Amino acid sequence: MVKISKSEAMELRKLGYNEFIKKTYSKHPSYFLVEEKENIYRYERGTRRRQLVRLSALNMLEKIRKEKTIEIHS
């Protein structure tokens, strides 16, 4: 389990990763991401290629975190 912020949890829920987010029920709740490490692919017979259907929950979290960071060039 990976501890995440409330805003990251809300973004993941909007993207359809509800079943991988757990919340503690206390005065100050914490949010956790249950680890799902496998990407989901679909095999196409005609082109004989794999097509990505859905990123794993951890990969999507990394993608969200990278989008939020701002690179400073000096």
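It should be noted that the structure appears before, not after, this text.
Residues numbered from 1 in each chain as written. Predicted model: local features only at pLDDT ≥ 70, side-chain atom pairs only at ≥ 80, totals over all residues. Heavy atoms only, no water.

**Student:** Help me out: how do you make sense of the overall build of the protein in this one?
**Tutor:** The helix and strand tally for the protein stands at 2 helices and 5 strands. Against the globule reference of 11 Å for 74 residues, the protein gives a C-alpha radius of gyration of 16 Å, more extended than a compact globule. If you line up the protein on its principal axes, its C-alpha atoms span 55 × 40 × 20 Å. For the protein, the proportion of its 74 residues judged to be buried stands at 23%. By sequence separation, contacts in the protein at least 24 residues apart represent 45% of the contacts at least 6 residues apart. Accessible surface, the protein: about 6200 Å² in total, of which carbon and sulfur atoms supply 51%. (Helix = DSSP H or I, 4+ residues; strand = E, 2+ residues; numbered from the N terminus. Rg over C-alpha atoms; globule rule 2.2 N^0.38 Å. Buried < 20%, exposed > 50% of the residue type's maximum accessible area, 1.4 Å probe, protein only. Contact = heavy atoms within 4.5 Å. Areas by Shrake-Rupley, 256 points an atom, 1.4 Å probe, with all protein chains shown as cover.)

**Student:** Where do I start with the packing of aromatic side chains in this structure?
**Tutor:** Within a pair of aromatic rings, the relevant descriptors are the distance that separates the centres and the angle that separates the planes. For the structure on display, the rule yields 1 aromatic pair. The residue whose ring lies beneath arginine 50 is tyrosine 41, and the NZ or CZ to ring-centre distance is 4.0 Å. The ring of tyrosine 17 has arginine 54 lying over it, and the distance from NZ or CZ to the ring centre is 4.4 Å. (Phe/Tyr/Trp six-rings, centres within 6.5 Å; stacked < 30°, edge-to-face > 60°. Lys NZ or Arg CZ within 6 Å of the ring centre and 35° of its normal.)

**Student:** I keep staring at the environment of leucine 15 and nothing clicks. Help me out?
**Tutor:** Within the secondary structure layout, leucine 15 lies in the loop between helix H1 (6-14) and strand S2 (21-23). A sequence separation of 45 residues divides leucine 15 from methionine 60, and the C-alpha atoms of the two residues are 9.2 Å apart. What leucine 15 contacts, discounting residues up to four positions off in sequence, is Met60 and Ile64.

**Student:** Would you take a moment to explain the pairing of strand S4 (residues 40-44) for this structure?
**Tutor:** Two faces, one strand: in a regular strand the side chains alternate between the faces of the sheet. Strand direction decides the pairing type here: S4 and strand S5 (residues 49-54), joined by 5 bridges, are antiparallel. Across the sheet, the residue bridging to tyrosine 43 is arginine 50, located in S5. (Pairing = 2+ DSSP bridges.)

**Student:** What's the story with the side chain of serine 30 in this structure? I'm lost.
**Tutor:** Mapping serine 30 onto the fold places it in the loop between S2 and strand S3 (31-33). The residues touching serine 30, leaving out its near neighbours within four places in the chain, are Lys3, Lys22, Lys23 and Thr24.

**Student:** Can you help me understand the pairing of S5 in this one?
**Tutor:** In terms of burial, S5 is largely open, as just 0 of its 6 residues are buried. Connecting the antiparallel pair S4 and S5 is a turn made up of 4 residues, with arginine 48 showing a positive phi of about 55 degrees.

Honestly, it's all geometry; don't read function into it.
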